[in-house]
Amino acid sequence: MKVGDLVIMSRVESSVVGLVVKMPYVGPNGEKQQTPRVGVYWMDGEGHMDWEPMNWLEVVSESR
């Protein structure tokens, strides 16, 4: 998964597509979040970004 990928929430029955806009935080010494989350801009008409757990998302179209 990378910035620019189109994703859906794999754990819910929804057809809303989102665009990955931010990757998980990695600290200066390589420390990572216990549950990595990515910033997803959801195309549901509300125009908002949410931080979603990576393991809840499914890539439906990869960016080039």
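Predicted model, so just to flag it, every value in this text is computed and none were measured.

Conventions adopted
Residues numbered from 1 in each chain as written. Predicted model: local features only at pLDDT ≥ 70, side-chain atom pairs only at ≥ 80, totals over all residues. Heavy atoms only, no water. Pairing = 2+ DSSP bridges. Helix = DSSP H or I, 4+ residues; strand = E, 2+ residues; numbered from the N terminus. Axes fitted to C-alpha atoms, helices over the stretch in contact; angles between N-to-C directions. pLDDT = per-residue confidence, 0-100. Core = buried A, V, L, I, M, F, W, Y, C linked by side-chain atoms within 4.5 Å. Buried < 20%, exposed > 50% of the residue type's maximum accessible area, 1.4 Å probe, protein only. Contact = heavy atoms within 4.5 Å.

Observations regarding the sheet that holds strand S1 (residues 6–9)
- Spatially, five strands are ordered S4-S3-S2-S1-S5 in an open sheet, and the strand pairing comes out antiparallel. On the outer flanks of this sheet lie strand S4 (48–53) and strand S5 (57–61), each paired with one strand and no other. Ignoring strand direction, the axes of neighbouring strands in this sheet form an average angle of 50°.
- Bridging between S1 and S5 involves four bridges; their strand directions are antiparallel. Residue pairing for S5: Leu6 is matched across the bridge by Ser61.

Thoughts on the confidence of the model for the chain
- Averaged over all residues, the pLDDT of the chain equals 88, while 100% of them reach at least 70.
- Within the chain, no element has a lower average pLDDT than S4, which sits at 92, and none a higher one than strand S2 (residues 18–22), at 95.

Topic: the nonpolar core
- Among the nonpolar cores identified, the biggest contains seven residues, and these are Val7, Met9, Val20, Val38, Val40, Trp42 and Leu57.
- Of all elements in the fold, only S1 and strand S3 (37–42) reach the threshold of two or more residues within this core.
- Considering every element that reaches this core, the biggest residue donor is S3, with three residues.
- Setting aside residues up to four positions removed in sequence, Leu57 forms contacts with Met1, Val7, Ile8, Met9, Ser10, Val38, Val40, Trp42 and Glu52.

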